[in-house]
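One-letter residues, chain by chain:
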Amino acid sequence: MSSRAAPLLRAAPLLFATAALSLTTPASAAPPPPAPQAGDPQHHLRQARLFLKKGWTEDAALELKLARQSAAGQASFEVWWLSSSVAWALADGAAARAHAAEAFARAPEPAARAEVEAWLQWFDQNLGLVTIEGPAEGQSTRMQLEHRGLLFDPALQELLNKLALDWRENTPLPLKTALPVGDYSVNGVNFTVQAGEPTTVRLPMGAMGNKGLAALQVTRLEAAAGVSMSMGALSSLPPAPTAQLALTVPVGQVLLGGMVDLTRQGADLGDERLRAPGGVSGALRAGGELFTSLPLSIRPSAVLRAGQLPVAPLRCAAAGEAWACEPGLAAEGELPVLTNGFAWMPGAELVVEYREAGRTTALGAGVKVEVNAVLGALPSEGQAQADGERLSWALADTAVRAAQLRLLANLSFAF
């Protein structure tokens, strides 16, 4: 045995005991690494960057707000510069500029200072600070923002779209924000934003709340096309192509409209498929718009329609000189007859259409769903052609009770 190995062998029992003791000692006995303090700005900064990476922008803003509450955070260029970026992502341009100005004052080196200065110059050349006030302190309102012009910078357009959607929610006033240079209206109040200049907009009481939004509604011409499907006593009829023209006029907070429809209804007559002439109806509707934060127009309405029943199938059985008929499809040995009539069709309609964010005057495109009861009447008698012979028929119960579902693609044009 070498002289070097002997000391190691003598120390082996001691080393083994030490190792065993370390294995049996509870984990709590080892001092844990120091946890970051809740007020540590670097901890909040790291958390904010992590949340931004995951797309949690509002959580990142909260972490940065906590970072700015400490003296070290107040002195940190990185905290203020990231705060500016997060505020811009949240469409808070006023805060983004204020945070960038604080970052500029704390820039640790010329390169960082030049970067912030360039952004501030871009901001002041393209945006202006805006304050929107209500008629009294502490009020809030939904707002509809209209930009009367074009924006070619995608960053500015994205900011404007987000603001237009955010303001459709109930928003506390006064509101400090920033808007791209141009002409605007908010709830019908016109104003102009100039580069680097502050602007104050005062909303009168008539421009507040849903009443203010309803006052922005405009007359719209609508064109729609789709299918009509019959149910109940007319359920044997196949779906029919339908076209519709409508005019919608705002009267206060109510939307009034008139519609004209043409339905080309087909039907089976024995072995033949016939396309009935007519199918014209007209309707009046009254409804309103549900105001949401979405770029959608959601308009439920009550509808009263009147018009032709272009075709109704009858089943007839021989009964003396005339055939006795009732509504329905003919079975074997019965005479199939088609007739038409007139009906009142009360019902309800829902229009959901997309518009450019916050716009009242933009083109709208969406879907229309209408459900109607059919309260109709058929002629009490008539004649039918069967095997080259004209036969007379009679209908004892002329009432038709059915339902109709219309599914239409809808376009609306403001003027």
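Refer to the structure above for everything that follows.
Here is a short report on the structure shown in this document. Sequence order as written defines the numbering, with residues in each chain counted from 1. Only residues with pLDDT of at least 70 get local features here, since the model is predicted, and only at 80 or more are side-chain atom pairs given and counted; chain-wide, interface and lining totals rely on the full set of residues. Values reported for side chains reflect all heavy atoms of the structure, with hydrogen atoms and water molecules removed beforehand.

Right, let's talk about the pattern of salt bridges for a bit. Any Lys or Arg side-chain nitrogen located within 4 Å of an Asp or Glu carboxyl oxygen qualifies as a salt bridge. Tallied over the full model, the rule gives 16 salt bridges. Close ionic contact of Arg305 with Glu370 constitutes a salt bridge, the shortest N to O distance being 2.7 Å. Here Glu370 lies in strand S18 (residues 364-377) and Arg305 lies in strand S15 (residues 296-319), a separation of 65 residues in the sequence. Its relative accessible area of 0% is what places Glu370 among the buried residues. Salt bridges sharing common partners tie together Glu222, Arg285, Arg299, Glu349, Glu353 and Lys368. Secondary structure elements are defined from DSSP: runs of H or I of at least 4 residues count as helices, runs of E of at least 2 residues count as strands, and each element is numbered from the N terminus. Whether a residue is buried, partly exposed or exposed follows from its accessible area with a 1.4 Å probe, protein chains only, as a fraction of its type maximum: under 20%, in between, or over 50%, in that order.

For patch building, the residue pool is restricted to those with more than 30% relative accessible area and no salt bridge; the joining distance is 9 Å between like charges and 5 Å between nonpolar side chains (Val, Leu, Ile, Met, Phe, Trp, Tyr). Exposure was quantified through the Shrake-Rupley algorithm and a 1.4 Å probe, taking into account, for residues, occlusion by the shown protein chains and nothing else. Taken together, the side chains of Leu221, Leu247, Val249, Val251, Val254, Leu256, Leu363, Leu411 and Phe413 define a hydrophobic patch exposed on the protein surface, amounting to about 700 Å² of accessible area. If you list the elements that add at least two residues to the nonpolar patch, you get strand S10 (240-251), strand S11 (254-263) and strand S21 (399-414). In terms of residues, the nonpolar patch owes the most to one element, S10, which gives three residues. Along the chain, Leu247 falls in strand S10. For Leu247, a relative accessible area of 36% translates into the label partly exposed.

This brings us to helix H2 (residues 41-53). Relative to the 18 Å expected for 13 residues at 1.5 Å per residue, H2 spans 18 Å between its end C-alpha atoms, a close match to the ideal helical length. Taken as a whole, H2 has its buried residues at Pro41, His44, Leu45, Ala48 and Phe51. Looking straight down H2, one finds its buried side chains confined to an arc of 125 degrees; they lie on one side. Contact definition: two residues touch when any of their heavy atoms are within 4.5 Å. For H2, the secondary structure elements touched by its buried residues are helix H3 (57-67), helix H4 (71-74) and helix H5 (77-89). Polar contact is the term for a pair of N or O atoms within 3.5 Å; when the atoms are in protein, one must be able to donate a hydrogen and the other to accept it, and sequence-neighboring residues count only if both atoms are side-chain atoms. Put simply, Asp40 is the residue that caps the front of H2, since its side-chain oxygen is 3.1 Å from the backbone nitrogen of Gln42. Count one or two residues on from H2 and you reach Gly55, which has phi positive near 85 degrees. An expected span of 1.5 Å times one less than the residue number is assigned to each helix. Of all possible arcs, the one meant is that of the directions from the helix axis to the C-beta atoms.

With that settled, consider the side chain of Asn410. Looking at where Asn410 falls in the secondary structure, it is placed in strand S21. In terms of polar contacts, Asn410 uses its side chain to reach the side chain of Glu222, at 3.2 Å. Setting aside its immediate chain neighbours within four residues, Asn410 contacts Glu222, Ala223, Ala224, Arg299, Val351, Glu353, Gly364, Ala365, Gly366, Val367 and Lys368.

Before going further, it helps to spend a moment on the sheet that holds strand S5 (residues 175-180). In this description, strands pair whenever DSSP reports at least two bridges between them. Spatially, S5-S1-S8 is the arrangement adopted by the three strands of the open sheet, whose pairing is mixed. For this open sheet the edge positions go to S5 and strand S8 (199-202), each flanked by a neighbour on one side alone. On average, adjacent strands in this sheet sit at an angle of 30 degrees to one another, irrespective of strand direction. Judged from the six bridges that link them, strand S1 (residues 127-133) and S5 form a sheet pairing that is antiparallel. What sits directly across from Gly128, in S5, is Leu179. Throughout, an axis means a line fitted to C-alpha atoms (over the contacting stretch in the case of helices), and angles, computed between N-to-C directions, take values from 0 to 180 degrees. Across the sheet, helix H8 (residues 154-166) lies against S1 and S5, angled at about 145 degrees from S5, the strand it touches most.

What follows covers the packing of aromatic side chains. Between 30 and 60 degrees the pair is tilted, below 30 it is stacked and above 60 it is edge-to-face, where a pair is any two Phe, Tyr or Trp rings, Trp via its six-membered ring, whose centres lie within 6.5 Å. Per the counting criterion, the structure on display carries nine aromatic pairs. Pairing Trp81 with Trp119 gives two aromatic rings, centres 6.5 Å apart and planes at 80 degrees, and the pair type is edge-to-face. Taken together, the residues span a long stretch of sequence, with Trp81 in helix H5 and Trp119 in helix H7 (residues 110-126) at a distance of 38 residues. Across the pair, exposure class does not vary: Trp81 and Trp119 are buried alike. Relative to Phe123, the ring of Trp88 lies with its centre 6.4 Å away and its plane at 70 degrees, an arrangement referred to as edge-to-face. One end of the pair, Trp88, is in helix H5; the other, Phe123, is in helix H7, and 35 residues separate them in sequence. Each member of the pair, Trp88 as well as Phe123, is classed as buried. Here the aromatic cluster, defined as three or more aromatic residues joined through ring pairs, consists of Trp81, Trp88, Trp119, Trp122 and Phe123.

What follows covers H8. Between its first and last C-alpha atoms H8 spans 18 Å; for 13 residues at 1.5 Å apiece the expected length is 18 Å, and the two agree. Every buried residue belonging to H8 is among Leu156, Leu159, Leu160, Leu163 and Ala164, and all of these are buried. All buried residues of H8 project into a common sector of 130 degrees when viewed along the axis, lining one side. Away from its buried face, by an angle of more than 90 degrees, H8 presents the exposed residues Pro154 and Glu158. Elements in contact with the buried residues of H8: H5, H7, S1, strand S3 (145-147), S5 and strand S6 (182-186). At the N-terminal end of H8, a side-chain oxygen is found 2.9 Å from the backbone nitrogen of Ala155, two or three residues along, and the residue is Asp153.

Each neighbour pair has its own omega, and for Leu173 with Pro174 the value is 0 degrees, a cis peptide bond. For Pro174, the location among the structural elements is in the loop between strand S4 (171-172) and S5. With phi around 65 degrees, Ala91 is a residue other than glycine that occupies positive phi space. By relative accessible area, which is 5% here, Ala91 ends up buried. Of note, Asn187 is a non-glycine position whose phi angle comes to about 50 degrees, a positive value.

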